[in-house]
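Structural overview for review
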Amino acid sequence: MLHNRSEAARADAEFHLHPYSNPRQVESQGPMVIVRGEGVRVFDEHGKGYIEGMAGLWCASLGFSEDRLVEAAHRQMQTLPWYHSFAGRVPDVVAQLAAELMDWAPVPMSKVLFANSGSESNDAAWKIVHYINNVRGRPEKKKFIARDRAYHGTTAVASALSGIGAGKAVFDLPIGGVIRVSCPHYYQYAAPGESEAAYCDRLVAEVEEAIEREGAETIAAFIAEPVTGGGGVVIPPPGYYPRIQEILRRNDILFIADEVISGFGRLGEPFGTQVFGLKPDIITVAKMLSAAYAPISALYLSEAIVETLKEGADRVGTFGHGYTYSGHPVSAAVALETLRIYREDKIIDRARQAGSRLQAGLRRFADHPLVGDVRGIGLIGAIELAEDPVTRTPFAPERAVYAHVLARAQAHGLILRGIPGDIIAFSPPLIISDAEVDEMLAIVGVALDETLDLVRGKRSA
């Protein structure tokens, strides 16, 4: 069955279980084998190049050929390839990175705690919130408010906090202690004739009602992505975050900002916290912290939280959390160099400029017969397809219309991401040029038109 494929494709299809993929489909169709990258493009084993319109998984901010990051990793591998931060020891580069991250903090924070992925950092946030409420003598204050369609990772706890079904039901991960509230997606969930202001009122009332129903004394934290990524690139309506934060303060509920996607420039500012005026107690970051060249993540922790962690450690003798590779020195060196590049090369300014071009270009598709909604901010965006844009009626899922758009875009040299609900997501590297933005948008236009022909029966799949 595999004899016409390359050696790499045969081996992969036979032996590799892919994350977030259909195993039978990979076995029957084979994987797309990527062999190298250059700038914002990746190249498959046949030499064909593609603009990586998602920066991989929202993360390859500096593209796929940044020599400074390769050299930083090489230098660190030669000097100290690994050491830990347990028992009061630390590699010097990890201490440097911690100090640099404090300079980047969007609101006053006390310390950072390193991990290896956004999933791990959100998992650790859950543990820390439980820890501090136990230390503070409030063992009943443990529940989390989390939103439908949120994505916080794939560890057991992060999956449970997420509001996306694929990582939950079959794994028995709707664990207790999670209060689910609505995704703030006006286009999809507003009632007919409901204004954005009225919709925001309804969302805020839902959170207040949940707190009243459960009891504020049982609720520890609210976790949210400033802009929902994997759930569909959802931007809350104006006024949403100020009102939610006022409710949280009034009820002594911590705010965890999941900035795994939005941290370090994706929204046109260093953090989503700055874009939306947030005042979180914990911020989780990953992905663009190292431009995805090495696995690393971190939690920013407020002074009040850190003081409580110290008190707990005094009681039991240690802060009993960490991973073998927490603050891996090679990853830390890459992250430190990444942050230097962001500053020295004014990457976030570049992202803001490219983001304006991307958003203007996406809006030109708003009147396309297949398009129901266009939205975005900075260098993240989405096109939501609709069978009837006027009534916002989606296509039947079994038609997989968005999959046709993705396939046609890929055929023309552009990789994008499809999200259930007929959503096409955009999240290119921050270094993308104006010409590359225009090329990406031109391919999208062709892919939409070719899919429209298919929907109207003018061409075969």
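Residues numbered from 1 in each chain as written. Predicted model: local features only at pLDDT ≥ 70, side-chain atom pairs only at ≥ 80, totals over all residues. Heavy atoms only, no water.

In this section: unusual backbone geometry. Unlike most non-glycine residues, Lys287 shows phi in positive territory, near 30°. Note that Lys287 resides in the loop between β9 (282-285) and β10 (297-301). In this structure Lys287 comes out as partly exposed when scored by relative accessible area, which is 25%. The residue Asp422 is not glycine, and still its phi comes out positive at about 60°. Structurally, Asp422 is set in the loop between β14 (417-419) and β15 (423-426). In this structure Asp422 comes out as buried when scored by relative accessible area, which is 6%. (Helix = DSSP H or I, 4+ residues; strand = E, 2+ residues; numbered from the N terminus. Buried < 20%, exposed > 50% of the residue type's maximum accessible area, 1.4 Å probe, protein only.)

Turning next to the side chain of Ser297. For Ser297, the position within the fold is in strand β10. Residue classification places Ser297 among the buried residues on the basis of a relative accessible area of 0%. In terms of polar contacts, Ser297 uses its side chain to reach the backbone carbonyl oxygen of Ser117, at 2.7 Å. The residues contacting Ser297, other than those within four sequence positions of it, are Leu113, Phe114, Ala115, Asn116, Ser117, Gly118, Ser121, Val285, Ala286 and Leu289. (Polar contact = N/O pair within 3.5 Å; in protein donor to acceptor, adjacent residues only side chain to side chain. Contact = heavy atoms within 4.5 Å.)

Next up on the list: the packing of helix α15 (residues 401-411) against helix α16 (residues 434-455). At their nearest, the axes of α15 and α16 sit 8 Å apart, and the two run at 130° to each other. Considering the angle they form, α15 stands oblique to α16. Where α15 crosses over α16, the handedness of that crossing is right-handed. Where α15 approaches α16, its residues Val401, His404, Val405, Arg408 and Ala409 are matched on the opposing element by Ile443, Ala447, Leu448, Glu450, Thr451, Leu454 and Val455. Tallied by class, residues from the contact of α15 with α16 come to 8 nonpolar, 2 polar and 2 charged. (Axes fitted to C-alpha atoms, helices over the stretch in contact; angles between N-to-C directions. Parallel < 35°, antiparallel > 145°, perpendicular 65-115°, else oblique. Left-handed = near helix turned anticlockwise from the far one by under 90°. Nonpolar A, V, L, I, M, F, W, Y, C, P; charged D, E, K, R; others polar.)

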